[in-house]
Amino acid sequence: MPSDKKYDFPVLVPYSVLESLLEAPKQLEETRKVLKHHNRMIGALRGQLIEVIDKLRDK
């Protein structure tokens with residue numbers, strides 16, 4: 001993202017806030033992995049649900 005000189009001014013933030021901001025990209029990547037895993041689990045559950053519905057129809 002290009003820096004806009006209009007908004008280029010020093011800002012004081014607590015170190016703990018700065019640390020959490022610097023950790024955000026790592027947390028985002030971990031969140032993406034978790035979402036991908038959850039999407040696979042949801043797909044598997046859908047498949048199982050379809051099997052159960054088919055068995056119930058056969059009865």
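Conventions we followed
- Residues numbered from 1 in each chain as written.
- Predicted model: local features only at pLDDT ≥ 70, side-chain atom pairs only at ≥ 80, totals over all residues.
- Heavy atoms only, no water.
- Helix = DSSP H or I, 4+ residues; strand = E, 2+ residues; numbered from the N terminus.
- Rg over C-alpha atoms; globule rule 2.2 N^0.38 Å.
- Buried < 20%, exposed > 50% of the residue type's maximum accessible area, 1.4 Å probe, protein only.
- Areas by Shrake-Rupley, 256 points an atom, 1.4 Å probe, with all protein chains shown as cover.
- Lys, Arg positive; Asp, Glu negative; His and termini not counted.
- Charge placed at Lys NZ, Arg CZ, Asp CG, Glu CD.
- Salt bridge = Lys/Arg side-chain N within 4 Å of Asp/Glu carboxyl O.
- Patch = residues over 30% accessible without salt bridge, like charges linked within 9 Å, V, L, I, M, F, W, Y side chains within 5 Å.
- Expected span 1.5 Å × (residues − 1).
- Bend = angle between axes of the 7 residues up to and from the residue.

## A closer look at the overall build of the chain
Helix and strand counts for the chain come out as one helix and zero strands. Computed over C-alpha atoms, the radius of gyration of the chain comes to 23 Å, more than 25% over the 10 Å expected from 2.2 N^0.38 for 59 residues, which places it beyond the range of a compact globule. Dimensions of the chain along its principal axes, counting C-alpha atoms only, are 70 × 25 × 10 Å. In the chain, buried positions account for 0% of the 59 residues. About 6200 Å² of surface is accessible on the chain, with carbon and sulfur atoms providing 63% of the total. Distance from the positive charge centre (11 side chains) to the negative charge centre (9 side chains) of the chain: 5 Å.

## Let's talk about the environment of Glu-23
Position of Glu-23 relative to the elements: it lies in helix α1 (residues 15-58). A C-alpha to C-alpha distance of 15 Å links Glu-23 and Val-13, two positions 10 residues apart in sequence.

## Examining the pattern of salt bridges
This model, assessed by the stated rule, comprises three salt bridges. The salt bridge partner of Asp-54 is Arg-57, with a shortest N-O separation of 3.8 Å. Taken as a pair, Asp-54 and Arg-57 lie in helix α1 at a separation of three residues, close to a single helical turn. Arg-57 gets classed as exposed once you look at its relative accessible area, which sits at 65%.

## Regarding a nonpolar patch on the surface
A cluster of nonpolar side chains, contributed by Tyr-7, Phe-9, Val-11, Val-13, Tyr-15, Val-17, Leu-18, Leu-21 and Leu-22, occupies part of the molecular surface with about 950 Å² of accessible area. Mapped onto the secondary structure, Leu-21 falls in helix α1.

## As for α1
Given a rise of 1.5 Å per residue, 44 residues ought to cover 64 Å, and the 64 Å separating the end C-alpha atoms of α1 matches this to within 8%. Helix geometry: α1 is bent most strongly at Ala-24, by close to 40 degrees, with proline Pro-25 lying one to four residues after it.

This is a description of form; function is not addressed.
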